[in-house]
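# Understanding the architecture of this molecule
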Amino acid sequence: MYFTTISTYLSCCLIIGFGHLRDFFRRILVLPFTNDNLQGYAPICLEHEDFYMRRGYHRVQDCFARPIASAPDVWFNVVERDWNDEEKVLDRTTKSRMCLNLGSYNYLGFGSFDEYCTPRVIESLKKFSASTCSSRVDAGTTSVHVELEECVAKYVGKHSAIVFGMGYTTNSSIIPVLIGKGGLIISDSLNHSSIINGARGSGANIRIFQHNTPSHLERILREEIAERQTKTHKPWNKIIVIVEGIYSMEGEICKLPEIVSICKKYKAYVYLDEAHSIGAIGNTGRGVCELLGVNTADVDIMMGTFTKSFASCGGYIAGSKNLIQYLKHHCPAHLYATSISTPSAQQIISAIQVILGEDGSNRGAQKLARIRENSNYFRSELRKMGFKVLGDDDSPVMPIMLYHPAKIPAFSRECLRENVAIAVVGFPATPLMLGRARICISASHSKPDLIKALEVISKVGDLTGIKYFPALPKKQEEEKDGIKLV
C-alpha cells in the first residue's frame, strides 16, 4: 500500500501542478484579449472551486450525472452522450444502452413496477393530483399525509413523526430548530453534508469525534462538560450527538449500542440518521436499532429518508409527541415548503405495508432476506478477488477503493463499456486521496446478475490495477463456507 499511497499523492500533485501552469498561461495569453462585461467585478465563483471545475471535473464529467431513460430497475437504459468541444459540455444523444444497475439506492426493488404499490400510487395520482401546491400548514395536508406520519411512527417505534418533501432538507432544516447558540453538537467525522450544513446553520458549537469511535466521543463529552462554554463558562444548554445508521460513503454500520450507552451516561441527546439503513437492514427492515438490539426509546431523534428502500422521495423525523409538535410549529421546511406529493406519500405507505406483510404476502420478508444474502455474497466475493472493500456485513453499500484520480474515470468508463453502471465518487464528496466506486446492492438482483457484475468488475480491476491485495486461491475459496443464494 505504500506504493499506492505515494503514487496517488504524486498523481494529485501532477494534476494540480499542470492545472496551475495552464492557468498561468491562460492569464497571460487568453484573458487580456477576452471581451466581456465582467471586468472589474469580483469572481462570482470561488477561485478554488472554479479551478477544480475547469481543471478536474470537466475532464471526467462523462462519468457523473449520467441520464437514464427508464425506471431504476436491475437493468436500465443509460443515455449516451457526445462531447461538445466548443462549449465543453456533453450533449445527449437519442441512443441508449441497457446496463446492469449497481448505482441506484433501490435496495428493496420498489423502484420499478410493483404489483401492490404501483396501482395504489396511480389511484392516488388520479384522486389528489401530482402536487398539493401548498405547504403543510395551509392546504397541503391530505388524509394520505396524516396516514403516512402515523404509519412511519408505528414502523420505527416512536410516538409521532413528521414528514418532509426532501431528505437533504430534513437534516439541514431540522437541526437548526433543535439547537442553537449555547448548545453543543458532537458529530461523527464522516457524517453526511446535510448534517454538516444543518449543524453549521444552527449557530451551536460543533465538535467532531473520530469516525465510529465511541471512546473518542466519550473523551470529548467529558472535556466539554468539564470546560463548559468558552466565553461564559456556563453549562451547555443542551448536547446533541449526531450519527448515521449506515455511513453512505463507507458502508459501515454505526456502533449504536456503545454510543447510546455513553450518551445516557452524560445526559446527551442521540440524533440518528437512518437514510441508508431504514428498510434495508434488520429482520423486519426497521433499521440499525433492530439489527443491533437497541431500544428505540433510547434514541431521542430518529431521522430517515424515503428515497432508498421505499423508492419515493422525502424524509422524516420521529420522536416524542412533544418534539414533533414543536417541530410542526417551528420548522421552516414544514411551515413554508410545499408538502411531499400525495402519490409519493402513497408509495411509501404501500412499500411499508409490503415489508410488514400487510399486503397478504411474504414478499417483504423475502426482499429483506434477499438483500442481506446478496450484500454479504457480493462483498465476500469482491474481497476474495483482492479488492479493498469498505463496509460491514449486511450493509447494501459497498465502496471499492480506487485511490488514484486517474483510475476513477478509467474504472467508470470501462465498466460502462461492459454494460455495467457503477457510481464513482471523488473529491469533494470524499477526501482528494480517497476516490472510490460505490456499489449499491438491491434485493431485485438475481444470482446471474451478481455473477455478471463480479466478472466485469474483476476484469476491469485487472485492467486498471485496483486489486490491492492478493486474490484468494481457488482451493482456499472452495474450503471456506460461502453464502449460497437460492
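In short, a report on the structure. Within every chain, residues take consecutive numbers counted from 1 along the sequence as written. It should be noted that, the model being predicted, local features are given only for residues of pLDDT at least 70 and side-chain atom pairs only at 80 or more, the latter also being counted only at that level, while totals for whole chains, interfaces and linings use all residues. Note: side-chain values were computed over all heavy atoms of the structure, leaving out hydrogens and water.

### What to know about a positive patch on the surface
- Like charges are joined within 9 Å and nonpolar side chains (Val, Leu, Ile, Met, Phe, Trp, Tyr) within 5 Å, but only among residues with over 30% relative accessible area and no salt bridge; these make up the patches. Values of accessible area rely on a 1.4 Å probe in the Shrake-Rupley scheme; residue burial ignores everything except the protein chains shown. Within this document, salt bridges are pairs made up of a side-chain nitrogen of Lys or Arg and a carboxyl oxygen of Asp or Glu, the two lying within 4 Å of each other. Counting rule applied: Lys, Arg positive; Asp, Glu negative; His and chain ends not counted. All charge positions are set by atom: Lys at NZ, Arg at CZ, Asp at CG, Glu at CD. A cluster of basic residues, Arg22, Arg26, Arg27, Arg59 and Lys88, forms a positive patch on the protein surface.
- By residue number, the principal contributor to the positive patch is helix α1 (residues 2-29), which donates three residues.
- In this structure, Lys88 sits in the loop between β1 (75-84) and β2 (89-101). Comment: elements are numbered from the N terminus, with helices defined as DSSP H or I runs of at least four residues and strands as E runs of at least two.

### Thoughts on the sheet that holds strand β7 (residues 269-273)
- Reading across the sheet, the seven strands line up as β3-β9-β8-β7-β6-β4-β5 and stay open at both edges, with mixed pairing between neighbours. Only two strands of the sheet have a single partner each, and these edge strands are β3 (160-164) and β5 (205-209). Adjacent strand axes in the sheet meet at a mean angle of 20 degrees when their direction is disregarded.
- Sheet topology places strand β6 (residues 239-244) next to β7; five bridges connect them, and they run parallel. Considered in β7, the bridge of Glu244 is made with Asp273.
- Its contacts with the sheet put helix α5 (residues 167-178) on β3, β4 (184-188), β6, β7, β8 (301-305) and β9 (315-319), and the angle it makes with β7 is roughly 170 degrees.
- In what follows, a contact means two residues having at least one pair of non-hydrogen atoms within 4.5 Å. In this analysis an axis means a line fitted to C-alpha atoms, helices contributing only their contacting stretch, and an angle means the value between N-to-C directions, from 0 to 180 degrees. The strands touched by helix α10 (residues 321-330) within the sheet are β3, β8 and β9, with β3 carrying the most contacts at an inclination of about 30 degrees. Strand pairing is defined by DSSP finding a minimum of two bridges between the two strands.

### Section: the nonpolar core
- Note on terminology: a nonpolar core comprises buried Ala, Val, Leu, Ile, Met, Phe, Trp, Tyr and Cys residues joined through side-chain atoms within 4.5 Å. Exposed residues in this analysis have more than 50% of their type's maximum accessible area, buried residues have under 20%, and partly exposed residues fall in between, with area computed by a 1.4 Å probe over protein chains only. Ranked by internal contacts, the top residues of the largest apolar core, which has 62 residues, are Ile186, Val241, Val243, Leu256, Val299 and Phe310.
- When neighbours within four sequence positions are excluded, Leu256 is seen to be in contact with Val243, Leu272, Val288, Cys289, Leu292, Val294 and Val299.
- Ranked by size, the runner-up nonpolar core spans 33 residues in total, among them Leu102, Leu402, Cys415 and Tyr468.

### Describing the sheet that holds β1
- Overall, mixed pairing links the three strands, which are arranged β1-β2-β11 in an open sheet. Either end of the sheet is taken by a strand with one partner, and the two such strands are β1 and β11 (420-421).
- With respect to the sheet, helix α14 (residues 407-417) is in contact with β1, β2 and β11, its orientation differing from that of β2 by roughly 65 degrees.
- Along the sheet, helix α15 (residues 447-464) contacts β1, β2 and β11; its crossing angle with β2, the most-contacted strand, is approximately 125 degrees.

### Thoughts on the packing of helix α4 (residues 143-156) against helix α12 (residues 342-355)
- Where α4 meets α12, the axes come as close as 9 Å, and the angle between the chain directions of the two elements is 35 degrees. As for the relative orientation of α4 and α12, their crossing is left-handed in sense. Between α4 and α12, the contacting residues are Val144, His145, Glu147, Leu148, Cys151, Val152 and Tyr155 on the first element and Thr342, Ala345, Gln346, Ile348, Ile349, Ile352, Gln353 and Ile355 on the second.
- Of the residues contributing to the contact of α4 with α12, the split by class is 10 nonpolar, four polar and one charged. Crossings are classed by handedness, with left-handed meaning an anticlockwise turn of the near helix from the far one by less than a right angle and right-handed meaning a clockwise turn. Think of it as three bins: nonpolar holds Ala, Val, Leu, Ile, Met, Phe, Trp, Tyr, Cys and Pro, charged holds Asp, Glu, Lys and Arg, and polar takes everything else, Gly as well.

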